[in-house]
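# Fold and geometry: a report
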Amino acid sequence: MAIKTDISKTYDRVEWSFLEEIMIKLGFHQRWVQMIMSCVTSVSYSVLINGVPYALSQMMENAQNQNHYQGMKLARACPKVSHLLFADDSLFFCRETLDDARCVATILNDYEGVSGQKVNLTKSAITFGKKILPQIQGQIHAILQIHNSGGCGKYLGLPERLSRSKVEDFQFVVEQWLPVLPPRLIQNVSQDPDIKVSDLICPITNSWNIPLIDRALGQGYSETVKQIRLSRFSAQDKQVWPCSKNLEYSVKSGYWATTHDLREGDAIIPSMGSFDLKMECWKINIIPKIKNFLWKLLSGALATYTQLCSRGIRVSPICQRCCVEEETINHVLFECPHAIAIW
């Protein structure tokens, strides 16, 4: 059984005392905690509380360690998965028993009481296995007060439940990412079944043998072949990917090729920053979100006002803290008087 819950107005209902305790629990320095609390308690802010999932996750893990709640195994040798957290959405996996349902309901009620947040029951749903009796499903719906049944839609772009036909389930991937007209094999165009591509090239001039191409391929295919430029060198043929500098395919270059007009001679522009330095930042023994921040910093991918302006977003490029200089990455971290005061 899978339970998807939606938190109602997640970041508008957080208790400030709860936020303070979570930051202390996560090991933030007392001065940092005081600075954050002075910000969020003095004026109106929209704050992303990364500590909230930690509290709910701890409650789920404690219940599982005390055998009050059982997660799901995808295979016999793998660990149990009890929950997954995505911003204001949560997924809980458990057995289709009344005891597990009561445990989840108790945890959610306790979490609401501690954090001040509220589960939006109208946007939450439960997905049952096919063998669960309707009577049991009705009792679990009543215990959790979640009356919607899931499994028929999509979550994060993927189908919530897979059918017997995986081809139909993931047809949208083919439609969105793969070419609409993939290359076709040339069939039944030559009277000579043994003809090869090398036979269509004049070995003396290293150019297409136009009369032979017209006879062998016909008017439709011959024009397409004539547009292919032949190499001046007699090197061994091999398959290459023209949309990357090393001529090897990667997911990044494949995505780039689907979003650019290759006929206009576009070329992949490498991201800014030292590649070696960006690789080193992933090896630092810090939490993942700080690693991600460092990578964005080195890649010039932080959403500063100058970056937003460069992408066509109509905002003022001036720093909103000092109101003097343009808000670049260097300015935000090192040059702004407020940043200098922190350093």
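Computed from a predicted model, the values in this text were never measured in an experiment.

Core analysis: the largest hydrophobic core is formed by 21 residues, its most contacted members being Ile3, Tyr69, Phe92, Ile126 and Leu144. The set of elements that each furnish at least two residues to this core consists of helix H3 (51-65), helix H4 (98-115) and helix H5 (134-144). Counting residues per element, this core draws most heavily on H4, which supplies seven residues. The residues touching Leu144, leaving out its near neighbours within four places in the chain, are Ile3, Ala101, Val104, Ala105, Leu121 and Ile126. Among the nonpolar cores identified, the runner-up in size contains seven residues, and Leu212, Ile213, Ala216 and Leu217 belong to it.

Helix length check: H4, at 18 residues, gives a terminal C-alpha distance of 26 Å against a target of 26 Å (1.5 Å per residue), a fit within 8%. Turning to H4, its buried residues number three or more, namely Asp100, Ala101, Cys103, Val104, Ala105, Ile107, Leu108, Tyr111, Glu112 and Ser115. Remark: Gly116 follows H4 within two positions and exhibits a positive phi of approximately 85°.

Negative phi values dominate among residues other than glycine, just as trans dominates among peptide bonds. A positive phi is found at Leu247, a non-glycine position, where the angle reads about 65°. Structurally, the position occupied by Leu247 is in the loop between helix H8 (210-226) and helix H9 (251-258). The class for Leu247 is partly exposed, based on a relative accessible area of 41%. With phi around 60°, Cys323 is a residue other than glycine that occupies positive phi space. The topology assignment puts Cys323 in the loop between helix H12 (305-310) and helix H13 (329-335).

In total, this model carries zero disulfides according to the counting rule given. The thiol of Cys336 is not disulfide-bonded; the next cysteine sulfur, from Cys319, is found 4.1 Å away. Overall, the relative accessible area of 3% leaves Cys336 in the buried class.

With that out of the way, let us pick up the packing of aromatic side chains. If you walk through the whole model with that rule in mind, you get two aromatic pairs. Pairing Trp241 with Tyr249 gives two aromatic rings, centres 5.0 Å apart and planes at 85°, and the pair type is edge-to-face. The class for Trp241 is partly exposed, based on a relative accessible area of 24%. For the ring pair Phe334 and Trp343, a centre distance of 6.0 Å and an interplane angle of 15° mean the geometry is stacked.

The full count for this structure, using the stated rule, is four salt bridges. The closest approach of N and O atoms between Arg95 and Asp100, which form a salt bridge, is 3.2 Å. Classification of Asp100 as buried rests on a relative accessible area of 0%.

Attention now goes to the side chain of Ser253. Among the secondary structure elements, Ser253 is positioned in helix H9. Of the polar contacts made by the side chain of Ser253, one reaches the backbone oxygen of Ser250; its length is 2.9 Å.

Viewed as axis vectors pointing N to C, H4 and H5 meet at an angle of 15°, and their least axial separation amounts to 9 Å. Relative to H5, the element H4 is oriented roughly parallel. For H4 against H5, the interelement crossing comes out right-handed. Where H4 abuts H5, its residues Leu98, Ala101, Arg102, Val104 and Ala105 lie against Gln139, Ile140, Ile143 and Leu144. Grouping the amino acids of the contact of H4 with H5 by side-chain chemistry returns seven nonpolar, one polar and one charged.

Note that predicted coordinates carrying low pLDDT should not be read in detail. Here the chain shows a mean pLDDT of 76. Residues at 70 or above account for 76%. Predicted confidence is poor over residues 44-53, with pLDDT under 50, and the contacts of this stretch with residues over four places away or in other chains come to 16 contacts. Here residues 179-183 is a poorly scored stretch, pLDDT under 50, and it has zero contacts once near neighbours within four places are set aside; other chains count.

Conventions we followed
Residues numbered from 1 in each chain as written. Predicted model: local features only at pLDDT ≥ 70, side-chain atom pairs only at ≥ 80, totals over all residues. Heavy atoms only, no water. Core = buried A, V, L, I, M, F, W, Y, C linked by side-chain atoms within 4.5 Å. Buried < 20%, exposed > 50% of the residue type's maximum accessible area, 1.4 Å probe, protein only. Helix = DSSP H or I, 4+ residues; strand = E, 2+ residues; numbered from the N terminus. Contact = heavy atoms within 4.5 Å. Expected span 1.5 Å × (residues − 1). Disulfide = S-S within 2.5 Å. Phe/Tyr/Trp six-rings, centres within 6.5 Å; stacked < 30°, edge-to-face > 60°. Salt bridge = Lys/Arg side-chain N within 4 Å of Asp/Glu carboxyl O. Polar contact = N/O pair within 3.5 Å; in protein donor to acceptor, adjacent residues only side chain to side chain. Axes fitted to C-alpha atoms, helices over the stretch in contact; angles between N-to-C directions. Parallel < 35°, antiparallel > 145°, perpendicular 65-115°, else oblique. Left-handed = near helix turned anticlockwise from the far one by under 90°. Nonpolar A, V, L, I, M, F, W, Y, C, P; charged D, E, K, R; others polar. pLDDT = per-residue confidence, 0-100.

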